[in-house]
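Observations on the model geometry
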Amino acid sequence: MKVIAINGEAWCHTLTGIERLAIEVVQHLDKLVQPGMMELVLPANAVNVPDFVNIRTVRLKKEAHFFPRWTQVDFQLYVLVHRRISLDFSNTCPFFAPGIEFIHDIYCALYPEDFTSKRDRLICLYSRIMYRAIAKRARIVLTVSEYTKQSIVDRYHCPADKIHVVYSGVTGYKDIQADYSVFDRLPALKDKAFYFTLGSLSRRKNLKWIAEHAALYPEELFAVSGKALSSVVAPELEKMRTLPNVIMTGYLDDGEVKALLSRCKAFVLPSYFEGFGLPPLEALSCGTQIIVSDRTSLPEIYGKAAHYIDPDKPDVNLDKLLAEPVADPSPVLEKYDLSKTAERIYNLIDRKLLH
């Protein structure tokens, strides 16, 4: 039997969309696979690893920290020595043994100018090497939208039937308890109408739109959450901090995010580039209206369940926009569920590799 080795680096990092997808999909895969079919290969510093029924866990002696040592040395060596097929969730692969590999987007290939510092340029270069290695040599390429699939085909000229859209999604988000104590820490938002945006404060999230819109509409209140990255445009962050109607919340945990989502007027995502765009889906699962960019994957994912804005035009009346009717989001939430993502991955592996 061909054994699939899952890269367990996600259990070592702060949860973002990719890490959450990896962790939840592996938990769902455990219910689908036969014993001995898959193993989860973990760094020594992996935490919060559940007990699996059918997936064996293997903990190596090396820790995983930032940059590619874990994947390119420790995990790759394990895959090669034990003749495993790798399964990676995070835009990376063992360079000499690519197996079943995710490409969530090819942002670094399409927008290299967004990476300005020496460190970020190295990250960009590494990411582009990984995209190409996966597109050209992986056994199965997985991605999260038809938009990203077409981007990969156009950029790397690989056969379209090699790339499989399995989508991202939410499952366990409904079980998170909202932590309303966040409004005690952020009293400017308490008992007030506000718009909310969430994500890494990187260039593609388009803080420029938020800053310019907030300046044009001083009567509106915005809450902006996320961790600043070195590749963000500093003047935009500085401008945001000077605007009295923009509250920079800093990092929020899941419970705090859910509290803000449940009370905001709408969730706003003005990104000019998204491979999938997970936060609006989390917002919809909380019953929150969403206002998203009309670019890249977002119209594909959200269809008629979202209000759309042009990410280059901040002068828009959001109250008027929200008054326009949108479709029931239930079909969107039903389609993009991580249990279904796991089923799609399992069926692909079963069809392509095991028979």
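Because the structure is predicted, anything quoted here is derived from the model rather than measured. Throughout, residues of each chain are indexed from 1 in the direction in which the sequence is written. Totals for whole chains, interfaces and linings use every residue, but because this is a predicted model, local features are given only for residues with pLDDT of at least 70 and side-chain atom pairs only at 80 or more, for both listing and counting. Neither water nor hydrogens contribute to the side-chain values; these are computed over all heavy atoms in the structure.

**Here's the deal with the sheet that holds strand β2 (residues 38–42)**
- Strand pairing requires that DSSP identify at least two bridges connecting the strands. Helix numbering and strand numbering both begin at the N terminus, where a helix is a DSSP run of H or I of at least 4 residues and a strand a DSSP run of E of at least 2. Read from one edge of the open sheet, 7 strands run β3-β2-β1-β4-β5-β6-β7, paired in parallel fashion. The two strands at the open ends of the sheet, each matched to only one other strand, are β3 (56–59) and β7 (163–165). If you compare each strand with its neighbour and ignore which way they point, the axes differ by 25 degrees on average.
- Strand direction decides the pairing type here: strand β5 (residues 100–102) and strand β6 (residues 140–143), joined by 3 bridges, are parallel. For Ile100, the partnering residue across the bridge sits in β6 and is Ile140.
- Here, two residues are considered to be in contact whenever any of their heavy atoms come within 4.5 Å of each other. Axis lines are fitted through C-alpha atoms, for helices just across the contact stretch, and the angle between N-to-C directions can take any value from 0 to 180 degrees. Contacting β6 and β7, helix α5 (residues 146–156) crosses the sheet at an angle of about 165 degrees to β7.
- Sheet strands in contact with helix α14 (residues 338–352) are β1 (4–7), β2, β5, β6 and β7, and its direction is about 165 degrees off that of β6.

**Thoughts on the sheet that holds strand β9 (residues 222–225)**
- Across the sheet, 6 strands lie side by side as β10-β9-β8-β11-β12-β13; this open sheet has parallel pairing. The strands lining the two open edges of the sheet, one partner per strand, are β10 (246–250) and β13 (307–309). The mean angle between the axes of side-by-side strands here comes to 25 degrees, regardless of whether they run parallel or antiparallel.
- The pairing of strand β8 (residues 195–198) with strand β11 (residues 266–269) spans 2 bridges and is classified as parallel. What sits directly across from Tyr195, in β11, is Ala266.
- Where helix α9 (residues 254–263) meets the sheet, it contacts β8, β9, β10 and β11, and its direction lies at approximately 145 degrees from that of β8.

**Here's the deal with the pattern of salt bridges**
- We count a salt bridge whenever a side-chain nitrogen from Lys or Arg sits within 4 Å of a carboxyl oxygen from Asp or Glu. Considering all chains together, one arrives at 14 salt bridges under this definition.
- In this structure, the salt-bridge partner of Asp310 is Arg295, at a minimum N-O distance of 3.0 Å. Placement of the pair is Asp310 in the loop between β13 and α12 (318–322) and Arg295 in the loop between β12 (290–293) and α11 (298–302), with a sequence separation of 15 residues.
- Take Asp310: its relative accessible area is 21%, and that puts it in the partly exposed class.
- Throughout this description, buried means an accessible area under 20% of the type-specific maximum (1.4 Å probe, protein chains only), exposed means over 50%, and partly exposed covers the range between. Under the relative-accessibility criterion, Arg295 is labelled partly exposed at 28%.
- The partner of Asp312 in a salt bridge is Arg295, and the shortest N-O contact between them spans 2.9 Å. Of this pair, Asp312 sits in the loop between β13 and α12 while Arg295 sits in the loop between β12 and α11, and the two are 17 residues apart along the sequence.
- Looking at Asp312, the relative accessible area reads 57%, which means it is exposed.
- Where salt bridges share partners, they join Asp294, Arg295, Asp310 and Asp312 into one cluster.

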